[in-house]
Amino acid sequence: MAGEEDRNSQDLIENEPDSAPAADDSEKSERVVKFPITRIKTIIKTDPDVTMASQDAVVLIGKATELFIQTLSKEAFSYTMQAKRKTVLKRDVDLTIDHIDALAFLEGCLDG
């Protein structure tokens, strides 16, 4: 099990978006995180409580952010489809936040 974890963390480092893909890869190298790693690091550095963050932590924060946005988007899109529209509106995101308890921490964030 420990060898498997070492291999997985090594894969994350090797597939880091800031690094160039290996020349001998015959398949297209897929990025682990779609957000720019340097931007994630910059955002992390704005928190005064965080002094250092490992590369693995930065990648995991990026991946968690992707999954969060993907879930929020899919849920909001379901309200868009119920209203028989093709465009996701702010009210669809608001409905999503109101109806899903796990998203209660976002209440009031979209108020202008």
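Residues numbered from 1 in each chain as written. Predicted model: local features only at pLDDT ≥ 70, side-chain atom pairs only at ≥ 80, totals over all residues. Heavy atoms only, no water.

This part is about the packing of helix H3 (residues 55-82) against helix H4 (residues 90-99). Packing of H3 against H4 brings their axes to within 8 Å, and their N-to-C directions diverge by 110°. The angle between H3 and H4 places the two elements in the roughly perpendicular class. H3 and H4 meet at a crossing whose hand is right-handed. Residues Leu-72, Glu-75, Ala-76, Tyr-79 and Thr-80 of H3 form the contact with H4, whose participating residues are Asp-92, Val-93, Leu-95, Thr-96 and His-99. Broken down by class, the residue content of the contact of H3 with H4 amounts to 5 nonpolar, 3 polar and 2 charged. (Axes fitted to C-alpha atoms, helices over the stretch in contact; angles between N-to-C directions. Helix = DSSP H or I, 4+ residues; strand = E, 2+ residues; numbered from the N terminus. Parallel < 35°, antiparallel > 145°, perpendicular 65-115°, else oblique. Left-handed = near helix turned anticlockwise from the far one by under 90°. Contact = heavy atoms within 4.5 Å. Nonpolar A, V, L, I, M, F, W, Y, C, P; charged D, E, K, R; others polar.)

With that settled, consider the pattern of salt bridges. For the structure on display, the rule yields 3 salt bridges. In this structure, Glu-66 and Lys-63 form a salt bridge, with 3.6 Å as the shortest nitrogen-oxygen distance. Pair noted here: Glu-66 and Lys-63 are both in helix H3, with a separation of 3 residues, about one helical turn. Lys-63 gets classed as partly exposed once you look at its relative accessible area, which sits at 33%. In this structure, the salt-bridge partner of Asp-92 is Arg-85, at a minimum N-O distance of 2.7 Å. (Salt bridge = Lys/Arg side-chain N within 4 Å of Asp/Glu carboxyl O. Buried < 20%, exposed > 50% of the residue type's maximum accessible area, 1.4 Å probe, protein only.)

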